[in-house]
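# Fold and contact review
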Amino acid sequence: MSLVVPPKPRTWPKTVLILGALVVLTVLTCLPAIGGVDVDFGAITRNWRNGANKMAQLLQPDFAFLPRTFLPMLETLQMALVGAAFAALVSIPLTLWAARPTNPNGVTRRIVRAVINVIRSVPDLVYATILVALTGVGALPGLLTLFLFDIGVIVKLVSEAIDSDKHAYLEAGHAAGATQSQLNRALALPQSLPLFWNQWLYALELNVRISAILGIVGAGGIGRLLNERFGFYAYDDVSIIILEILAVVIIIEVCSNLLRRRIT
């Protein structure tokens, strides 16, 4: 008796249709006549030499400038670490209040989520600009900006992960007569700690990269030095700063991956 194999379903017409729709949508998006994005490809042809010259200068880093970057980079790492540490502490109660399984009260949960959405909707440079005006140029406005950024990211991602998971142990705890705070402290928080650790380490990585941008408005760290060298068109110094940021980010990422493996 021979085995009858059913014919393979034909999925290529649907795939071609989807790809065609994406191509048409992309083309229409680039047409200014119908409200699309005004993309001037001719400008690339006319001005490509300017970009090529800048890239050539960036490919010639001045290693003699490297010692001047150590203190600003140390300040950046301090900002990133302190901001992530404070955000880690504050994010625990906020996340438990923002997640449905750990906060059945719909009113307080919506209030916390609304506050987090407001925090996330404000760009980092806006925070940094306002805080520089309030506290002055230096590391403090950068640290506060990183703290706010981390709170928005951690609470949003971890609370959604808690919402999407099943929590039969919480139902069993409710059936046993435990209060919600007891369940959160004894059950939900230990179960969610790996999620928190992943996002805390991710926030630390992001802080180093973001601090380089915050220096544009005087929020301290390596970004302030980077903006200064850009202002003097010292692209050889800019190049060494970028390489140093890259090296630090890679080191932090490797350490974070090792910690994640031990945690999970």
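Described in the following lines is the structure provided in the data block.

Before going further, it helps to spend a moment on the overall build of the protein chain. Each helix and strand counted, the protein chain has 10 helices and zero strands in total. When the helices and strands of the protein chain are placed in sequence order, the string is α-α-α-α-α-α-α-α-α-α. For the protein chain, the C-alpha radius of gyration of 25 Å lies well beyond 18 Å, the compact-globule estimate for 264 residues. Across its three principal axes, the protein chain shows a C-alpha extent of roughly 70 × 60 × 45 Å. For the protein chain, the proportion of its 264 residues judged to be buried stands at 34%.

The biggest cluster of nonpolar side chains holds 19 residues, and the ones touching the most others in it are Leu94, Ile116, Ile151, Ile154, Val155, Phe196 and Trp200. When residues of this core are traced back to their parent elements, those giving at least two are helix 3 (70-98), helix 4 (106-121), helix 6 (139-164) and helix 8 (180-214). When residues in this core are grouped by element, the largest group, six residues, is from helix 3. The next biggest cluster of nonpolar side chains, apart from the first, holds 17 residues, and it includes Ala84, Ile222, Val238 and Ile252.

Moving on: the packing of helix 3 against helix 10 (residues 235-263). Put simply, helix 3 and helix 10 touch, their axes get as near as 12 Å, and they point 35° apart. Viewed along their axes, helix 3 and helix 10 form a crossing whose handedness is right-handed. Touching Phe70, Met73 and Leu77 of helix 3 are Glu244, Ile245, Val248 and Ile252, all from helix 10.

Counting across every chain of the model gives five salt bridges. With a closest N to O distance of 3.7 Å, Arg68 and Glu228 form a salt bridge. Of this pair, Arg68 sits in the loop between helix 2 (41-58) and helix 3 while Glu228 sits in helix 9 (residues 222-231), and the two are 160 residues apart along the sequence. For Glu228, a relative accessible area of 33% translates into the label partly exposed. A salt bridge links Glu160 to Lys156; the nearest nitrogen and oxygen atoms lie 2.7 Å apart. Here Lys156 and Glu160 lie together in helix 6, a separation of four residues that amounts to about one turn. Judged by its relative accessible area of 25%, Lys156 is partly exposed. In this structure, a network of salt bridges that share partners links the residues Arg68, Glu228, Arg229 and Asp237.

This next bit is on unusual backbone geometry. Unusually for a residue other than glycine, Tyr233 sits at a positive phi of about 55°. Examined against the element boundaries, Tyr233 turns out to sit in the loop between helix 9 and helix 10.

Here is what the cut-offs are and how they apply
- Numbers given to residues run from 1 along each chain, matching the order in which its sequence is written.
- The predicted nature of this model means local features are confined to residues of pLDDT at least 70 and side-chain atom pairs, given and counted, to a pLDDT of 80 or more, with totals for whole chains, interfaces and linings taken over all residues.
- Computation of side-chain values: all heavy atoms of the structure, hydrogens and water removed.
- The helix count covers DSSP runs of H or I at least four residues long, the strand count covers runs of E at least two residues long, and both are numbered beginning at the N terminus.
- With C-alpha atoms as the basis for the radius of gyration, the globule rule is written as 2.2 Å multiplied by the number of residues raised to the power 0.38.
- Per-residue accessibility, obtained with a 1.4 Å probe over protein chains only, is compared with the maximum for each type, and a residue is labelled buried under 20%, exposed over 50%, and partly exposed between these values.
- For our purposes a nonpolar core is just a set of buried Ala, Val, Leu, Ile, Met, Phe, Trp, Tyr and Cys residues, chained together by side-chain atoms within 4.5 Å.
- Lines fitted to C-alpha atoms define the axes, with helix axes restricted to the stretch in contact, and inter-axis angles between N-to-C directions lie between 0 and 180 degrees.
- Put simply, a crossing is left-handed when the front helix is turned counterclockwise from the back one by less than a right angle, and right-handed when it is turned clockwise.
- Contacts are residue-level and defined by heavy atoms, with any inter-residue pair within 4.5 Å sufficient.
- A pairing counts as a salt bridge when a side-chain nitrogen of Lys or Arg comes within 4 Å of a carboxyl oxygen of Asp or Glu.

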